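In case you want the letters, here they are:
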4 protein chains.
Amino acid sequence: MPGIPPSRYAYLGPEGTFTETALRALPAAARADLLPFSSVPLALDAVRAGDVDGAMVPIENSIEGGVTATVDALATGEPLVVVRESLVPISFVLAGRAGTTLDDVKRISTHPHAQAQCRGWLDGHLPDAAYVPALSTAAAAAGLSVSGDVGYDAALCAPIAANRYRLRVLADDVADNPFAVTRFVLVARPGVPPAPTGADKTSIVAFQPDDHPGGLLELLEQFAVRGVNLVRIESRPTGDAMGRYCFAIDAEGHVAEARMAEALVGLHRFCSQVRFLGSYPSAEAPPTTVRPGTSDAAFADGRAWVDRLREGRI
Amino acid sequence: MPGIPPSRYAYLGPEGTFTETALRALPAAARADLLPFSSVPLALDAVRAGDVDGAMVPIENSIEGGVTATVDALATGEPLVVVRESLVPISFVLAGRAGTTLDDVKRISTHPHAQAQCRGWLDGHLPDAAYVPALSTAAAAAGLSVSGDVGYDAALCAPIAANRYRLRVLADDVADNPFAVTRFVLVARPGVPPAPTGADKTSIVAFQPDDHPGGLLELLEQFAVRGVNLVRIESRPTGDAMGRYCFAIDAEGHVAEARMAEALVGLHRFCSQVRFLGSYPSAEAPPTTVRPGTSDAAFADGRAWVDRLREGRI
Amino acid sequence: MPGIPPSRYAYLGPEGTFTETALRALPAAARADLLPFSSVPLALDAVRAGDVDGAMVPIENSIEGGVTATVDALATGEPLVVVRESLVPISFVLAGRAGTTLDDVKRISTHPHAQAQCRGWLDGHLPDAAYVPALSTAAAAAGLSVSGDVGYDAALCAPIAANRYRLRVLADDVADNPFAVTRFVLVARPGVPPAPTGADKTSIVAFQPDDHPGGLLELLEQFAVRGVNLVRIESRPTGDAMGRYCFAIDAEGHVAEARMAEALVGLHRFCSQVRFLGSYPSAEAPPTTVRPGTSDAAFADGRAWVDRLREGRI
Amino acid sequence: MPGIPPSRYAYLGPEGTFTETALRALPAAARADLLPFSSVPLALDAVRAGDVDGAMVPIENSIEGGVTATVDALATGEPLVVVRESLVPISFVLAGRAGTTLDDVKRISTHPHAQAQCRGWLDGHLPDAAYVPALSTAAAAAGLSVSGDVGYDAALCAPIAANRYRLRVLADDVADNPFAVTRFVLVARPGVPPAPTGADKTSIVAFQPDDHPGGLLELLEQFAVRGVNLVRIESRPTGDAMGRYCFAIDAEGHVAEARMAEALVGLHRFCSQVRFLGSYPSAEAPPTTVRPGTSDAAFADGRAWVDRLREGRI
């Protein structure tokens with residue numbers, strides 16, 4: 001029946017991770033089936049195959065991997081687009097079974113990256129606790145839902161995992177950097193981009209024509225001359241035998257806006273290939289800075305002026 | 001009656017100069033009235049007023065002045081456009097009255113700039129000749145058409161002046177730099193530019209929005225990102241109290257071509273004012289270099305791609 | 001006793017990974033103690049603390065994580081430098097216990113990223129095999145060294161792990177992309193950089209003074225005007241409350257070379273902070289391209305010329 | 001006897017021009033011999049030959065020519081340097097013989113460029129006066145010092161010329177643009193530049209290595225990355241058979257300052273030739289803008305940092 005909202009979403013599993021947290025924060029997720037996948041490529045392929053309506057995957061600063069894997073998986077294969085991004089604060093809880101107290105904790109399990117991000121806290125609060133690596137923060141939590149000795153007494157995990165596995169929170173806001181956030185994106189099959197909001201991002205992957213000196217500068221000038229700010233850039237090996245690079249770029253603005261459209265036309269002319277990964281609302285607050293001379297009206301005025309010149313009406 | 005070609009042209013006088021030489025080289029000048037004016041601004045005003053159909057004025061490397069005057073006169077006032085440019089080799093003749101021989105020449109008259117450009121020749125051939133400054137090379141020649149002692153025995157002038165005043169050529173190809181040429185432009189009231197030839201120039205005057213550091217770089221990037229080469233640039237004080245500058249720029253290509261049109265749109269957005277001074281065939285031979293990704297087709301392809309992105313057809 | 005080579009190296013564990021493979025390829029590792037650490041930050045802190053002489057960690061394209069973690073761990077804390085980089089082909093073996101044949105394999109364990117990179121091979125050769133996620137490729141191999149059913153029949157792992165755990169190789173060269181390599185770096189405490197070889201890299205992390213438009217362009221121009229090529233760039237959030245970015249950059253050349261030294265002086269002037277992460281031999285073959293005017297001699301000539309200008313000897 | 005100031009200066013004549021006005025404004029000119037020359041190249045050659053200690057010549061916006069001639073004459077031949085620049089307001093007087101009144105003026109003589117710059121005033125005050133071209137504004141004034149009818153009743157000239165020839169000023173402040181100024185430079189043989197004042201200019205002529213696209217941008221980046229502002233740029237044909245260009249550039253700052261020295265080193269590396277035309281106090285008031293990170297101290301700090309890196313002291 002037409003009009004029914006999308007009802008199945010993939011995410012980088014397992015259950016109980018920050019990725020699931022990001023997905024559940026979406027209103028559309030409330031009535032949807034949420035399906036964990038064991039890797040980003042598998043989650044994205046489920047979108048490509050039409051098995052799900054979208055996939056939530058990490059794109060920056062991830063605890064449990066997936067960043068470069070996500071960029072690489074979007075840069076090749078059947079086209080997909082980002083339709084939404086989410087920021088989730090990276091703050092762990094230390095969780096144990098009912099009855100456990102902080103003093104009881106001699107052995108802690110979590111993913112190695114999570115352990116690395118909480119070392120300061122652990123040194124301060126549980127300096128003598130042993131560390132047991134886990135496949136994911138969620139797996140560490142899940143283990144405690146089984147009875148008997150599982151090799152550790154508490155798990156450092158996302159709040160959602162403690163809740164999911166009915167664990168007791170022994171400490172919360174566990175993180176050495178209180179500002180740490182992870183960025184996630186919701187990926188879907190190509191379609192008309194979400195309407196511009198005035199605070200949007202556009203993501204692309206641009207393949208350089210060759211490796212001549214200054215090539216990256218020329219590529220970035222395509223944005224700069226239209227007054228488009230970049231918010232992220234990352235070079236990635238293209239994976240072929242040539243040792244060449246592509247650039248994953250997030251820029252402020254929306255393809256529906258003239259300055260972004262012109263920059264993309266420029267990239268399309270300049271690059272051997274440009275992959276459009278979507279225009280979507282930015283998860284951060286501030287609206288796009290529109291510098292003088294870069295509004296849609298300024299582009300339209302300029303074009304009308306040139307049209308007049310061509311007709312001799314100066 | 002429609003179809004009648006333009007029939008009156010102004011030029012920077014007096015008669016017998018290289019400017020007249022440039023004008024007479026035009027086929028259209030054969031059946032036209034050619035009117036000398038005493039300054040570039042006066043010649044251009046005659047075009048603005050409709051008194052003449054065009055004006056030939058010097059724009060580079062001039063012997064008898066007018067370069068910056070020409071740029072300044074085009075940069076302000078009612079709009080005018082260049083419709084043609086001409087290159088004239090700067091080679092003088094030494095001319096005297098009938099019966100005069102080179103040995104008779106004790107005093108030579110010409111414009112000071114011409115004298116400066118022939119000093120090597122004069123030192124080698126007539127080291128003892130005195131110099132008598134003249135208002136123009138043509139005026140020096142004209143003087144010899146009057147009988148009696150006019151204060152000098154020979155004139156360094158354009159070949160056309162020797163011919164005009166029926167003087168005897170005592171030496172030709174007089175010039176220290178055998179490659180010296182002067183560039184002239186034919187200026188007309190605005191109209192549809194001459195059709196593109198594949199080897200065209202476009203002239204503009206761009207006024208910077210302010211004097212912030214790197215402003216010129218940003219301006220030039222508008223050309224560079226579209227693959228448009230510059231062939232001339234000159235900063236000029238704007239003449240107001242602000243100490244600001246404008247830039248007179250000649251670039252390769254035609255406003256009818258996409259890459260030039262896009263560069264002009266960019267300048268229109270970026271600059272406080274852009275004055276279009278015409279697209280016209282280049283007097284030099286080589287056609288415009290079209291770099292990969294800057295053909296009209298490349299621009300059209302890029303735009304079509306962005307149009308598809310906006311509609312979700314990736 | 002002086003002259004004794006470094007004798008203890010850390011690496012991102014566990015044993016049997018590609019990181020250990022990279023470390024063992026170093027001649028210096030032959031007689032050294034090699035110590036696995038559970039995370040990149042822990043391995044680097046062991047270097048900082050003086051517990052080890054260096055640490056081998058992944059820096060690009062990693063199977064088992066660590067890329068952004070490595071950059072972030074080098075960008076903060078006590079300074080460390082890269083003294084060597086290594087490229088290791090990413091080619092897995094499928095390994096089982098003695099007596100196992102390919103036909104026996106119904107369940108395969110490996111790290112999720114490894115599984116993702118071998119999906120094509122798995123679909124073609126073992127389409128019906130179940131997947132059991134492991135903490136690392138090496139952990140999957142290690143599991144098979146224990147007797148009894150460990151929940152899977154074969155491990156996708158590095159050749160070194162199959163050898164370490166005396167497993168039988170059921171298939172080798174398992175990888176969907178035959179060109180895949182992972183880059184590792186050997187990190188040490190600051191010291192005089194390795195001598196220039198003519199094919200070196202310099203790594204830095206540059207912190208932008210602010211987020212003004214075009215800031216990245218200005219930063220990259222510091223390299224471009226000295227003819228220094230970039231080989232990698234990645235923006236990273238700085239992790240403070242400001243939402244600011246830093247840039248991890250690898251450039252061709254060595255700090256002992258004038259063009260790189262000048263570029264670094266420029267960055268030091270321009271950026272709010274620059275962190276030098278070392279100059280070291282490039283793992284790829286080709287020597288640095290020295291463009292005209294960027295040799296040490298060209299810099300010395302230019303400086304000598306300016307010195308003469310200052311003294312009036314023109 | 002040592003310590004005696006220079007005592008002979010050349011200038012672009014004739015006597016009574018704005019160029020003489022500029023020269024007489026110098027304190028050093030008070031006790032010096034001032035020698036008019038008929039062209040800029042002749043005046044400069046007198047400096048080269050040691051016949052005079054310096055030459056005052058026009059460099060911008062000139063009434064009586066010489067701008068491009070000056071640049072071209074400085075760009076070739078034995079090196080010369082600018083040691084001082086002067087700005088002279090371009091304001092004419094209308095001068096006649098004793099007893100002449102404005103109503104008596106039926107015929108006016110002056111240089112054509114001067115007439116062009118006063119057309120508005122003339123149309124408003126003496127719309128019916130005939131125009132008689134003169135070789136210079138000073139020559140027009142000088143003519144009136146001869147008794148008898150010289151063909152005109154009044155001269156438009158510099159105030160100095162009216163004074164020199166004891167003419168009566170019939171109107172002063174005659175100029176259509178009240179802000180018009182002409183820039184002059186005092187040229188000398190090479191020597192230690194005048195000491196930096198904090199508000200200096202440096203002039204150069206840079207010859208491009210070839211005509212590749214974007215070459216000018218790369219040249220200008222040498223200034224931009226060191227935070228050096230440009231105040232004038234002009235492309236000039238090099239005068240050889242190749243159709244190549246050089247660029248005459250005035251930039252803010254002094255060769256004794258690090259940022260200018262570095263920019264010059266960069267140009268020396270990048271260009272096929274760079275001609276240094278001097279560092280000298282700017283005639284305009286405002287001191288050079290020193291952007292953050294471009295002070296001498298910032299350069300010294302950066303260099304000291306790189307020196308430490310090379311020694312491993314991070």
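Chemist: What's the story with the overall build of chain A in this structure? I'm lost.
Modeler: From N to C terminus, chain A includes 10 helices and 14 strands. The dimensions of chain A, computed from C-alpha atoms along their principal axes, are 85 × 55 × 40 Å. Relative to its full complement of 314 residues, chain A shows a buried share of 53%. For chain A, the proportion of contacts with a sequence separation of at least 24, taken over those separated by at least 6, is 77%.

Chemist: Would you mind showing me how to read the sheet that holds strand β10 (residues 181-188) of chain D here?
Modeler: Strand pairing in a sheet takes place through backbone hydrogen bonds and is either antiparallel or parallel in direction. Residues and elements named next belong to chain D. Spatially, the five strands line up as an open sheet ordered β2-β1-β3-β10-β4, and their pairing is mixed. Whereas interior strands pair on both sides, the edge strands pair on one side only; in this sheet they are β2 (33-37) and β4 (81-89). Between one strand and the next, the sheet's axes are offset by a mean angle of 30°, whatever the strand orientation. Sheet topology note: the strand β1 (residues 8-12)/strand β3 (residues 54-60) ladder contains three bridges and is parallel. Bridge pairing links Ala10 to Ala55 in β3. Each of β1, β2, β3 and β10 is contacted by helix α2 (residues 40-48), which is oriented at about 145° to β3, the strand it contacts most.

Chemist: Looking at this model, I keep getting lost on the environment of D:Ala10. Mind explaining?
Modeler: Residues and elements named next belong to chain D. Tracing the chain through its elements places Ala10 in strand β1. As for Ala10 and Leu34, which are separated by 24 residues in sequence, their C-alpha atoms are 5.8 Å apart. When sequence neighbours within four positions are dropped, the list of residues in contact with Ala10 reads Leu35, Phe37, Ala43, Ala46, Val47, Val52 and Ala55.

Chemist: What should I look at first to understand the sheet that holds strand β2 (residues 33-37) of chain A in this one?
Modeler: Residues and elements named next belong to chain A. Ordered in space as β2-β1-β3-β10-β4, the five strands form an open sheet in which the pairing is mixed. If you trace the sheet from one side to the other, it starts and ends with β2 and β4 (81-89), each paired once. Across the sheet, the mean angle from the axis of one strand to that of its neighbour is 30°, orientation sign disregarded. One ladder, built from five bridges, connects strand β1 (residues 8-12) with β2; its direction is parallel. Considered in β2, the bridge of Tyr9 is made with Leu34. Across the face of the sheet, helix α2 (residues 40-48) comes into contact with β1, β2, β3 (54-60) and β10 (181-188) while running at roughly 145° to β3.

Chemist: Please explain the domain arrangement of chain A as it appears in this structure.
Modeler: When the parts come together, some accessible area is lost, and that loss is often what is quoted as the size of the interface. All names here are of chain A. For chain A, the domain assignment lists domain 1 (1-89 + 181-191), domain 2 (92-174) and domain 3 (192-314). Between domain 1 and domain 3, the contact holds 13 residues from the first and 16 residues from the second. Mapped onto the side of domain 1 that touches domain 3, the elements with two or more residues apiece are α3 (67-75) and β4. No other element matches the seven residues that β4 contributes to the side of domain 1 that touches domain 3. When the residues that make up the side of domain 1 that touches domain 3 are grouped by side-chain class, the tally is seven nonpolar, three polar and three charged.

Chemist: When you look at helix α10 (residues 296-310) of chain B in this model, what are you seeing that I'm missing?
Modeler: Side chains that are three or four residues apart share a direction in an α-helix, a result of its 3.6 residues per turn. Relative to the 21 Å expected for 15 residues at 1.5 Å per residue, α10(B) spans 21 Å between its end C-alpha atoms, a close match to the ideal helical length. For α10(B), the set of buried residues is B:Ala298, B:Phe299, B:Gly302, B:Val306 and B:Leu309. Mapping the buried residues of α10(B) onto a view down its axis gives an arc of 100°, with all of them on the same face. Opposite its buried face, α10(B) presents the exposed residues B:Ala297, B:Ala300 and B:Ala304, each directed more than 90 degrees away. Residues of α10(B) that are buried in the fold lie against α9 (258-270) and β14 (273-281) of chain A together with α9 (258-270) of chain B.

Chemist: What should I look at first to understand helix α10 (residues 296-310) of chain C in this one?
Modeler: Residues of α10(C) that are buried in the fold lie against α9 (258-270) of chain C together with α9 (258-270) and β14 (273-281) of chain D. Positive phi appears at C:Gly312, one or two residues downstream of α10(C), with a value of about 80°.

Chemist: Help me understand the arrangement of the chains, please; the structure alone is not making it clear to me.
Modeler: Nothing in chain B touches chain C; the tightest C-alpha to C-alpha distance between them is still 10 Å. Considering only C-alpha positions, the minimal separation of the non-contacting chain A and chain D is 10 Å.

Chemist: Hey, could you run me through unusual backbone geometry in this one?
Modeler: Trans peptide bonds make up most of the peptide bonds, and negative phi angles are found at most residues other than glycine. Residues and elements named next belong to chain C. Note that the residue after Gly13, namely Pro14, is joined by a cis bond; omega there is 5°. Examined against the element boundaries, Pro14 turns out to sit in the loop between β1 (8-12) and α1 (18-24). If you check the backbone angles, Arg166 has positive phi at about 50° while not being a glycine. The topology assignment puts Arg166 in the loop between α7 (159-164) and β9 (168-174). Take Arg166: there are 12 C-beta atoms within 10 Å of it, and that puts it in the exposed class. Of note, Asp173 is a non-glycine position whose phi angle comes to about 55°, a positive value. If you trace the backbone, Asp173 turns up in strand β9.

Chemist: Would you take a moment to explain the packing of helix α8 (residues 215-224) of chain B against helix α8 (residues 215-224) of chain D for this structure?
Modeler: Geometry of a packed helix pair, given as the angle between the helix axes and the separation of the axes. Where α8(B) meets α8(D), the closest approach of the two axes is 10 Å, and the angle between their N-to-C directions is 155°. With respect to each other, α8(B) and α8(D) are oriented roughly antiparallel. In this structure, α8(B) crosses over α8(D), and the sense of that crossing is left-handed. Facing α8(B), whose interface residues are B:Leu216, B:Leu217, B:Leu220, B:Glu221 and B:Ala224, α8(D) presents D:Leu216, D:Leu217, D:Leu220, D:Glu221 and D:Ala224. When the residues that make up the contact of α8(B) with α8(D) are grouped by side-chain class, the tally is eight nonpolar, no polar and two charged.

Chemist: Would you explain the packing of α8(B) against α9(B) in this entry?
Modeler: Residues and elements named next belong to chain B. Interaxial distance between α8 and α9 falls to 8 Å at its minimum, and their mutual angle equals 155°. Our classification of the angle between α8 and α9 gives roughly antiparallel. Here α8 runs over α9; the crossing is right-handed. Along the contact surface, α8 presents Glu218, Leu219, Gln222 and Phe223, while α9 presents Ala263, Gly266, Leu267 and Phe270.

Chemist: Would you mind showing me how to read the pairing of strand β6 (residues 107-110) of chain D here?
Modeler: All names here are of chain D. Taken together, the four bridges between β6 and strand β7 (residues 130-133) define a ladder with parallel strand orientation. When the sheet's bridge partners are listed, Arg107 is paired in β7 with Ala130. Bridging between β6 and strand β8 (residues 154-157) involves two bridges; their strand directions are parallel. In the sheet register, Ile108 faces β8, and the bridge partner there is Ala154.

Reading guide: rules and limits
- Residues numbered from 1 in each chain as written.
- Chains lettered and ligands numbered in written order.
- Predicted model: local features only at pLDDT ≥ 70, side-chain atom pairs only at ≥ 80, totals over all residues.
- Helix = DSSP H or I, 4+ residues; strand = E, 2+ residues; numbered from the N terminus.
- Buried ≥ 20, exposed ≤ 12 C-beta atoms within 10 Å, placed from the backbone.
- Contact = placed C-beta atoms within 7 Å.
- Pairing = 2+ DSSP bridges.
- Axes fitted to C-alpha atoms, helices over the stretch in contact; angles between N-to-C directions.
- Domains from an automatic or database assignment.
- Nonpolar A, V, L, I, M, F, W, Y, C, P; charged D, E, K, R; others polar.
- Expected span 1.5 Å × (residues − 1).
- Arc of directions from axis to C-beta.
- Parallel < 35°, antiparallel > 145°, perpendicular 65-115°, else oblique.
- Left-handed = near helix turned anticlockwise from the far one by under 90°.

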